[in-house]
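# Architecture at a glance
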Amino acid sequence: MEAVLLTSVRRLIVVVLTLGVMVWPLLVGQGGKVSASEVKLRTVLRVGDGGQQRSRHLKRISKAMAAEGCPVALEVLASNQPTPAGVDLEFSPFPIDQERQRLANFQLLVHARSIDGESHVAGAILVHGTSGIEDLTLLRGEAIGFVSPEAISGYQLPMELFVQAGVEVKPEQQIFGGTHSGAVALLLHREVQGVGVAAPLAKAWSGEGELAMIAESKPVVAGGWWLKKGMDASLKKACKKGITTLTGKALKPFPGWIGGFGE
């Protein structure tokens, strides 16, 4: 009888230990601590209008938001890629009215604010201040710099200005700098005769005298952060606070014309 009981106890111990080995990695991360990744919001930063998405800049965003109770797992997403399934939070630089239908399962959390504090942005054309160019027609046939083909303020809005002026900018005339500062560097290095960038930046750069802004488009409502509908109210509040506290180098992954985020 004792032998049978001892055998049963041994079998029970083996079962318990086996289950423990299987379940423990699911409950804890390395070092015996609860894995934070299990509670992080899957978050995407949609690029296309400039910004520097280096890992150290993304870490600053994660750290700032986690400090306010909104832990995120950041991913960078190209402008032409669909939002993956399972995403909880998304930043898009594209106009809110344009994105509302695509992000039907999300709600706008906060607007992007320009360096001027506005919730809208326009495109503009810059030239050298000493070039004597005061009209877009004088740029016909010249090389023109832009941010990227997907950029709203750094391509699409500036291109509309050329179309309105009856000036065709052929693909072989277009040179892309990747960011707004990269685009204006093309102009400063005289690789192009004009450049299309966000109006808030164009105004700031032209104020220094070396460059001149010769055209500005109509503004569009700036992009912003979108949170998946149905999220907990306290988490929504924490994420909103975390986003609105982003300043300085934590803003580097975003388009250069963005000075912060707000209602």
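Residue numbers here run from 1 along each chain, matching the order of that chain's written sequence. Given that the model is predicted, a residue must reach a pLDDT of at least 70 before its local features are reported, and side-chain atom pairs must reach 80 or more before they are shown or counted; all residues, however, enter totals for whole chains, interfaces and linings. Remark: hydrogens and water are excluded; side-chain values derive from all non-hydrogen atoms of the structure.

### Quick notes on the overall build of the protein chain
Helix and strand assignments come from DSSP, with helices taken as H or I runs of at least 4 residues and strands as E runs of at least 2, each series counted from the N terminus. Regarding its fold elements, the protein chain presents 7 helices and 13 strands. Here's how the labels work: a residue is buried when its accessible area is under 20% of the maximum for its type, exposed when over 50%, partly exposed in between, all with a 1.4 Å probe on protein chains only. Here the protein chain holds 263 residues, and 41% of them are scored as buried. Contacts are assigned to residue pairs that have any heavy atoms within 4.5 Å of one another. Long-range pairs, those at least 24 residues apart, make up 78% of the contacts in the protein chain between residues at least 6 apart in sequence. To be clear on the numbers: accessible area is Shrake-Rupley with a 1.4 Å probe, and residue cover counts the displayed protein chains and nothing else. Accessible surface for the protein chain amounts to roughly 13,800 Å². Of this, 55% is attributable to carbon and sulfur atoms.

### Section: the nonpolar core
To qualify as a nonpolar core, a set must consist of buried Ala, Val, Leu, Ile, Met, Phe, Trp, Tyr and Cys residues joined through side-chain atoms within 4.5 Å. Counting residues in each nonpolar core, the largest one holds 58 residues, and the members touching the most others are Leu-126, Phe-162, Trp-225, Phe-254 and Phe-261. Setting aside chain neighbours within four positions, we find Phe-261 in contact with Phe-91, Val-110, His-111, Ala-112, Arg-113, Trp-225, Ile-243, Thr-244, Leu-246, Leu-251 and Phe-254. Val-44, Val-87, Ile-96 and Leu-103 belong to the second largest nonpolar core, which has 7 residues in total.

### Here's the deal with unusual backbone geometry
Positive phi outside glycine occurs at Arg-190, with the angle close to 60 degrees. With respect to the secondary-structure elements, Arg-190 resides in the loop between helix H5 (180-188) and strand E9 (194-198).

### Details of helix H4 (residues 152-164)
For H4, the complete set of buried residues consists of Ile-152, Ser-153, Gly-154, Tyr-155, Leu-157, Pro-158, Met-159, Leu-161 and Phe-162. One or two residues past the end of H4 sits Gly-166, with phi positive at roughly 75 degrees.

### Re the layout of surface pockets
Roughly 240 Å³ of internal volume is contained in the largest pocket. Every residue lining the largest pocket is counted, 16 residues in all, and those nearest its centre are Gln-52, Ser-181, Phe-254, Pro-255 and Gly-256. Broken down by secondary-structure element, the contributors of at least two residues to the lining of the largest pocket are H5, helix H6 (199-206) and strand E13 (258-262). In the lining of the largest pocket, the residues fall into 7 nonpolar, 8 polar and 1 charged. Cavities and pockets are found on a 1 Å grid laid over the protein atoms alone: a cavity is a set of points where a 1.4 Å probe fits but cannot escape, a pocket is an open set with protein on both sides within 12 Å along at least five of seven lines, and a lining residue has an atom within 4 Å of such a point. Grid points are joined across faces, edges and corners, and a volume is the space filled by probe spheres set on the points. Gly is placed with the polar residues, together with every amino acid not listed as nonpolar (Ala, Val, Leu, Ile, Met, Phe, Trp, Tyr, Cys and Pro) or charged (Asp, Glu, Lys and Arg).

### Examining the packing of aromatic side chains
Working definition: rings of Phe, Tyr and Trp (its six-membered ring) pair if their centres are within 6.5 Å, and the pair is stacked with planes under 30 degrees apart, edge-to-face with planes over 60 apart, and tilted otherwise. Under the counting rule described, the total for this entry stands at 9 aromatic pairs. When the centroid spacing of 5.9 Å and the interplanar angle of 80 degrees are considered together, the rings of Phe-91 and Phe-261 count as edge-to-face. One end of the pair, Phe-91, is in strand E3 (residues 89-92); the other, Phe-261, is in strand E13, with 170 residues separating them in the sequence. Given the relative accessible area of 7%, Phe-261 is considered buried. With a centroid separation of 4.9 Å and an interplanar angle of 80 degrees, the aromatic rings of Phe-146 and Tyr-155 are classed as edge-to-face. Like Tyr-155, Phe-146 is buried. Every member of this aromatic cluster is reached through a ring pair, and the members are Phe-91, Trp-225, Phe-254 and Phe-261.

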